[in-house]
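Architecture at a glance
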Amino acid sequence: GAAYSINELTALTDLARAHGLKVHMDGARFANALVSLGCSPAEMTWRAGVDVLSFGASKNGALSAEAVVFFDPELAGDFAYRRKRGGHLFSKMRFLSVQLEAYLADGLWLRNARHANDMAARLRRGLADLPGVSFPEHPAAQNHRVDGNQLFPKMPPAVIAGLRARGFRFYDASPPAEGCIRLVTAFNTTAEQVDAFIAAARDLG
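For the structure given in this document, a descriptive report is provided here.

What counts, and where the lines are drawn
- Numbering of residues begins from 1 in every chain and follows the order in which that chain's sequence is written.
- Where local features are concerned, this predicted model is filtered to residues with pLDDT of at least 70; where side-chain atom pairs are given and counted, the filter is 80 or more; whole-chain, interface and lining totals use all residues.
- With hydrogens and water set aside, each side-chain value is computed from the structure's full complement of heavy atoms.
- Going along the chain from the N terminus, every DSSP run of H or I of four or more residues is numbered as a helix, and every run of E of two or more is numbered as a strand.
- Accessibility here uses a 1.4 Å probe with only protein chains present; expressed as a share of the type maximum, an area under 20% marks a residue as buried, one over 50% as exposed, and anything in between as partly exposed.
- Between two residues, a contact is recorded if the distance between any of their heavy atoms is within 4.5 Å.
- Every angle, taken between N-to-C directions, lies between 0 and 180 degrees, and every axis is a line fitted to C-alpha atoms, over only the stretch in contact when it is a helix.
- Here roughly perpendicular refers to angles of 65 to 115 degrees, roughly parallel to angles under 35, roughly antiparallel to angles over 145, and oblique to all remaining angles.
- Note: crossing handedness is left-handed where the near helix turns anticlockwise from the far helix by less than a right angle, and right-handed where it turns clockwise.
- Under the scheme applied here, ten amino acids are nonpolar (Ala, Val, Leu, Ile, Met, Phe, Trp, Tyr, Cys and Pro), four are charged (Asp, Glu, Lys and Arg), and all others, including Gly, are polar.
- The salt bridge criterion pairs a side-chain nitrogen of Lys or Arg with a carboxyl oxygen of Asp or Glu, the two atoms within 4 Å.

**Examining the overall build of the protein chain**
The secondary structure content of the protein chain amounts to 9 helices and 6 strands. If one aligns the C-alpha atoms of the protein chain with their principal axes, the spans along those axes are about 55 × 40 × 30 Å. Evaluated residue by residue, the protein chain yields a buried proportion of 36% over its 205 residues. Long-range contacts, defined here as pairs at least 24 residues apart, represent 66% of the contacts in the protein chain between residues at least 6 apart.

What follows is the structure in structure tokens.
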């Protein structure tokens, strides 16, 4: 739910450097963090000391399409071999990979992420004033922040059960916290879907 600031990223990579370590950034929601921070991809990666980025697209509109970016080509070394040994080389992979051309063209990846973030913010606003709903401290949502497309509200058990009975699908928060659930919006989440969830929560409360 929360995105590291550039200063926080730099502090982490400086610590790694001090111990002779390389830094890999898990970028499954890279675009969501990027639009939230309002910075450039370079500022959030190699300029902040990141050595390798897993550039995720699957959680932002693509189908099984990801890229690994090495900012130091020497680190790539035997990566092609390791990728194959790890089972990440699909037959006809070019048909999966071609999605990235459309994904990056004309800022589609940023529009998708911005929309998902906006829907999460809309959901947060709508739930905030409901009786029995709160946003407690949670490891995945530092200081109650919703910087991306995830939020972790705490709700009465009856409301949670009622939402599930009405067909809404979501997980309990991980790590577990009593009454705390994990809500995720996506590139294709509509305002109507968000409002329906809020209305149902209000009705059940």
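**Regarding the side chain of asparagine 117**
Position of asparagine 117 relative to the elements: it lies in helix H7 (residues 108-128). Asparagine 117 sits in the buried class, given a relative accessible area of 10%. For asparagine 117, the contacting residues outside a window of four places in its chain are Asn32, Val35, Ser36, Asp147, Gly148 and Asn149.

**Details of the packing of H7 against helix H9 (residues 191-204)**
Angle between the axes and distance between the axes: these two values describe a pair of packed helices. Contact geometry for H7 and H9: axes closest at 10 Å, N-to-C directions at 20 degrees. Classified by the interaxial angle, the pair formed by H7 and H9 is roughly parallel. Crossing of H7 over H9 shows right-handed handedness. Facing H7, whose interface residues are Met119, Arg122, Leu123, Gly126 and Leu127, H9 presents Ala191, Val194, Asp195, Phe197, Ile198, Ala201 and Arg202. Residues of the contact of H7 with H9, tallied by class, amount to 8 nonpolar, 1 polar and 3 charged.

**Topic: the pattern of salt bridges**
Within this structure, the stated rule accounts for 5 salt bridges. Note that arginine 82 is salt-bridged to aspartate 78, the shortest N-O span being 3.2 Å. In this structure arginine 82 comes out as exposed when scored by relative accessible area, which is 57%. Between aspartate 172 and arginine 164 there is a salt bridge, and its shortest N-O distance comes to 3.2 Å. A relative accessible area of 35% places arginine 164 in the partly exposed class.

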